[in-house]
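Coordinate inspection notes
Below are the chains, spelled out letter by letter.
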Amino acid sequence: MSVDRTVAVTGANGYIGSHVVKILLDRGYRVRAGAREPHNTERIGHLEKMGSEYPGQLEIVSTDVLDVDDVRKLVGGCSDLIHAAATVMIRASDPQSKIVNPSLIGTQNVIIALKETPSVMTVVHTSSTAAIRPMQWKNGVTLTTDTWADDATIENNPYGLAKVLAEKEIRKWHEEYGIQEGRVLRTIHPCMVFGPPLSKYHLRGSLTILMMLARRSIPAIIPMNINIVDVRDVGEAHVRALEMGEDGGRYLVTSGSMWMKDVVRELRASYPDHKWPRLPIPYPLALIAAAFHPSASINWARTHLGTVLNWDSSPAESDLGMKWEEPRKSVVDTFSPIFDSDWL
């Protein structure tokens, strides 16, 4: 079945973007896939394989979202846009350039291209629970998309700040121009994304915490409750949002949560030949470890360790018809391609 629409996808070689492209191709869409370093086999080899499986449907375009001309070339003539490009990083020596700018400037360049490309009638923007979650919450609370992470700053939550600023930019465009032009915007808000990577390149970002367990760079089990959604469900939500949902809708995509000790128990049961951490680490020691780890921070640890935060994904279920993979399955399925391809 073919669909007479061409969808531009930024960040198409990323973890989420790759699954978006795969589902689009399977549904018969033509896809213009924007990817940095298109001659890097590790980054786009899996996309090239998809192209051979769906001849004539996929075009891979060299795209750096920080270059507005690249974005113009990607979007030109397309009917739809899924803007999935971003940096998934919570800490950096220069958070403005490494975390905030890729999201904010990239989105600003997307907006410039949209203003010049009236053929694009539907825009799906990849946001995050980080754009919703405030720095402080009551243990056990359930958050909805009515909330914004307006307390995020470059010092205490640069990733949340990046997501808030980028989403507000695209919503401002929609309110000032898109609605009047009959163009639709929907935003997708995943939590921690697990599930099968399609490339070794995907083992960073959202999968960092699982890779730290697999590589034992976390030598013990930290007291952390992890909100989880399957990358296949995230991709599905993006594709469904091209056709379904409220104009201007914000859609949380989350399936549930697991404590780290339960994650490790499932992994040990499914992959008994691999050495996984066994000993729990007390909360005070976990705080100290987070302060010195390059992928974490003390503020992050104080907020996330020992607490439970719930999310209301029912609008995605009712408006987009979403059903979710069980968190434990997402965790286990993450490692099948990793062990099969010897990516550790």
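Scroll up for the structure.
A short tour of the structure in this document, coming up. Note that this is a predicted model, so its numbers are computed, not measured. (Residues numbered from 1 in each chain as written. Predicted model: local features only at pLDDT ≥ 70, side-chain atom pairs only at ≥ 80, totals over all residues. Heavy atoms only, no water.)

A few points about the overall build of the protein
Using the following cut-off: Strands are runs of DSSP state E lasting at least two residues, helices are runs of H or I lasting at least four, and both sets are numbered from the N terminus onward. Between the two quantities, the radius of gyration covers C-alpha atoms and the globule rule is 2.2 Å times the number of residues to the power 0.38. Residue burial is assigned from relative accessible area. The probe radius is 1.4 Å, only protein chains are included, and a residue is buried under 20% of its type maximum, exposed over 50%, and partly exposed in between. The contact criterion used throughout is that any non-hydrogen atoms of two residues lie within 4.5 Å. Using a 1.4 Å probe, accessible areas were evaluated by the Shrake-Rupley method; residue-level cover was limited to the displayed protein chains. Asp and Glu are treated as the negative residues and Lys and Arg as the positive ones, with His and the ends of the chain left uncounted. Where a charge sits is defined by one atom per residue type, namely NZ (Lys), CZ (Arg), CG (Asp) or CD (Glu).
Scanning the protein from N- to C-terminus turns up twelve helices and twelve strands. Over its C-alpha trace the protein gives a radius of gyration of 19 Å, about what one expects of a compact globule, namely 20 Å for 344 residues. Evaluated residue by residue, the protein yields a buried proportion of 57% over its 344 residues. For the protein, long-range pairs separated by at least 24 residues make up 79% of all intrachain contacts whose partners lie at least 6 apart in sequence. When the accessible surface of the protein is totalled, it reaches about 14700 Å², and 51% of it is carbon and sulfur. Across the protein, the centroid of the 37 positively charged side chains sits 6 Å from that of the 40 negatively charged ones.

Examining the packing of helix H4 (residues 95-115) against helix H5 (residues 158-178)
So the rule is basically this: Lines fitted to C-alpha atoms define the axes, with helix axes restricted to the stretch in contact, and inter-axis angles between N-to-C directions lie between 0 and 180 degrees. We call two directions roughly parallel when the angle between them is under 35 degrees, roughly antiparallel when it is over 145, roughly perpendicular when it lies between 65 and 115, and oblique otherwise. Polar here means any residue other than Ala, Val, Leu, Ile, Met, Phe, Trp, Tyr, Cys and Pro, which are nonpolar, and Asp, Glu, Lys and Arg, which are charged; Gly is therefore polar.
Between H4 and H5, the least distance of the axes is 8 Å, while the angle of their chain directions is 10°. It follows that H4 is roughly parallel to H5 by the angle criterion. Of the residues in H5, those touching H4 at Pro95, Ile99, Val100, Ser103, Leu104, Thr107, Gln108, Val110, Ile111, Leu114 and Lys115 are Pro158, Tyr159, Leu161, Ala162, Leu165, Ala166, Glu169, Ile170, Trp173 and Tyr177. Of the residues belonging to the contact of H4 with H5, the class tally is 16 nonpolar, three polar and two charged.

Some words on the pattern of salt bridges
For clarity, the threshold we go by: In what follows, salt bridge is the name for a side-chain nitrogen of Lys or Arg lying within 4 Å of a carboxyl oxygen of Asp or Glu.
All told, the structure shown has 20 salt bridges when counted by the stated rule. Ionic pairing is found between arginine 30 and aspartate 4, a salt bridge with its closest N-O pair at 3.3 Å. Note that arginine 30 is positioned in strand S2 (residues 30-35) and aspartate 4 in the segment before strand S1 (6-10), a separation of 26 residues in sequence. Residue class for arginine 30 comes out partly exposed when judged on its relative accessible area of 33%. Residue aspartate 4 is classed as exposed on the basis of its relative accessible area, which comes to 67%. Salt-bridge contacts for lysine 261 lead to aspartate 262; the nearest nitrogen and oxygen are separated by 3.5 Å.

Structural notes on the environment of alanine 289
Relative to the assigned elements, alanine 289 resides in helix H9 (residues 283-292). When the C-alpha positions of alanine 289 and threonine 6 are compared, they lie 47 Å apart, and in sequence the two are 283 residues distant.

Things to note about the side chain of threonine 334
As a reminder, the rule being used: In protein, a polar contact means a hydrogen-donor-capable atom and an acceptor-capable atom, both N or O and within 3.5 Å, with residues adjacent in sequence counting only if both atoms are side-chain atoms; elsewhere, any N or O pair within 3.5 Å suffices.
Along the chain, the position of threonine 334 falls in helix H12 (residues 327-340). Since its relative accessible area comes to 0%, threonine 334 is described here as buried. There is a polar contact of 2.7 Å between the side chain of threonine 334 and the backbone oxygen of serine 330. Apart from residues lying up to four places away in sequence, threonine 334 is in contact with Phe194, Gly195, Pro196, Pro197, Leu207 and Leu210.

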